[in-house]
Amino acid sequence: MNQHFTSTVETAEQAGATQQDVVRLVELKRRFGVTAALDGISLTVRKGEILGIIGRSGAGKSTLIRCLNGLERPDSGGVFIEGREIGRLGERDLQPLRRRIGMIFQHFNLLSAKTVEDNVALPLKIEGRPKAERLARAAELLDLVGLSEKAKAYPALLSGGQKQRVGIARALAARPALLLSDEATSALDPETTRSILALLKDINRRLGLTILLITHEMEVIRSIADRVAVIDAGRIVEEGPVWSVFADPRSEITRSLLGAIRPQLPAELAARLLPAAGAETILRVDVAGEAASGPLLSDLATAVPGAFRLVHGGIDHIQQQPVGTLFLSVPGSDANRLADIITFLKARQTRVEVLGHVANPV
Ligand SMILES: Nc1ncnc2c1ncn2[C@@H]1O[C@H](COP(=O)(O)OP(=O)(O)OP(=O)(O)O)[C@@H](O)[C@H]1O
Ligand SMILES: [Mg+2]
């Protein structure tokens with residue numbers, strides 16, 4: 001758990017823990033030669049949630065997903081889907097369990113020789129369902145993803161976003177309990193990505209579908225995931241509600257993965273920073289939850305008299321939680337006053353960092 005920003009996190013965690021887990025991984029290990037692709041992963045995906053998994057290339061994300069749908073056998077540890085351990089099942093018993101899992105891919109994996117509706121109905125055909133039922137279900141799903149008019153079209157005529165909608169409809173055909181997404185929006189432009197994410201969130205809400213998504217795009221996690229797990233060298237290095245992990249990443253890996261979307265001091269100001277004392281001290285103050293919604297700055301002004309200025313930053317919202325970064329400039333070289341300001345801010349559950357000093361006021 002994060003050392004800061006814990007107030008509303010605990011209750012959400014507790015509420016979730018009472019729900020049924022769709023996926024439970026226990027001490028999962030998988031080695032390829034000298035590489036420990038999975039090095040003791042324990043993780044649960046709760047019913048109805050969207051869990052995001054992020055990690056650098058080679059961290060073990062795809063191996064994790066392959067262990068989940070039974071394409072890869074772990075060396076040790078357990079994979080439980082809706083309470084059933086898949087490692088104990090033979091190929092015949094694995095098939096029906098695999099149907100409880102839908103999957104969408106970066107490159108859509110549609111069959112080009114089949115129409116959109118036949119692509120969507122394919123899982124049902126494999127299941128041996130009658131044609132009328134297959135077509136009715138395909139029509140229902142194409143309506144859900146907003147592509148009814150493309151039922152008779154072939155994939156080659158569709159845009160990337162439309163292809164992924166077909167991929168989503170196909171993944172849902174057999175009414176899975178879990179949707180796995182491995183970089184499903186990585187090949188799409190930002191606007192199409194947003195529309196696909198909105199669709200996934202809508203399906204998650206409307207059908208209560210549990211989603212596990214792997215991505216290297218932090219925006220994807222920020223916009224639709226409830227919880228995030230950060231994986232590195234086959235281990236989970238950090239896990240928690242998205243707003244909390246994004247507001248207060250504990251590991252260096254998470255910080256570097258979040259890099260681009262974490263607020264930064266404008267480059268021209270950062271270039272002026274000096275390590276030694278100058279006319280002003282620049283502080284980075286990360287705030288979330290109560291600290292971000294309360295009158296933090298006016299309280300600071302009352303508690304520690306004297307000037308300070310907000311030079312950059314603001315408050316954003318993740319999962320309806322206020323999360324932000326304030327860059328403050330404190331004039332003068334009074335070390336005691338600076339220490340008082342930092343003490344006050346830290347007591348308000350913020351994370352404070354002295355970024356440096358500037359010779360002239362900014
Ligand atoms: N079949 C395999 N044989 C040998 N090594 C493998 C195999 N599959 C994965 N690995 C190794 O295991 C590690 C984890 O690979 P994995 O594909 O799970 O990473 P990833 O997190 O999905 O990376 P990316 O973001 O690049 O897709 C890597 O070092 C990879 O080289
Ligand atoms: Mg991968």
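These numbers come from a predicted model, not from an experiment.

The rules we used
- Residues numbered from 1 in each chain as written.
- Chains lettered and ligands numbered in written order.
- Predicted model: local features only at pLDDT ≥ 70, side-chain atom pairs only at ≥ 80, totals over all residues.
- Heavy atoms only, no water.
- Near = heavy atom within 4 Å.
- Polar contact = N/O pair within 3.5 Å; in protein donor to acceptor, adjacent residues only side chain to side chain.
- Helix = DSSP H or I, 4+ residues; strand = E, 2+ residues; numbered from the N terminus.
- Nonpolar A, V, L, I, M, F, W, Y, C, P; charged D, E, K, R; others polar.
- 1 Å grid on protein atoms, 1.4 Å probe; cavity = no way out; pocket = protein on both sides within 12 Å on 5 of 7 lines; lining within 4 Å.
- Points joined across faces, edges and corners; volume = space filled by probe spheres on them.

(A) Here's a closer look at the site of ligand 1. Around ligand 1, the neighbouring residues are F32, T35, A37, R56, S57, G58, A59, G60, K61, S62, T63 and R66. Measuring from an oxygen atom of ligand 1, one finds a backbone N or O atom of G58 at 2.7 Å. In this structure, G60 approaches ligand 1 through a main-chain N or O atom, which is 3.0 Å from an oxygen atom. Broken down by secondary-structure element, the contributors of at least two residues to the shell around ligand 1 are β2 (35–46) and α2 (61–68). In terms of residues, the shell around ligand 1 owes the most to one element, α2, which gives four residues. Of the residues belonging to the shell around ligand 1, the class tally is three nonpolar, six polar and three charged.

(B) Representation of the layout of surface pockets within the structure. What the largest pocket holds in volume is close to 600 Å³. Lining the largest pocket are 21 residues, and of these R98, I101, G102, M103 and P123 lie nearest its centre. Contributions of two or more residues to the lining of the largest pocket are made by α3 (91–98), β6 (101–105), α4 (116–126) and α6 (160–172). For the lining of the largest pocket, the element with the highest residue contribution is β6, accounting for four residues. In terms of residue class, the lining of the largest pocket is built from 11 nonpolar, five polar and five charged.

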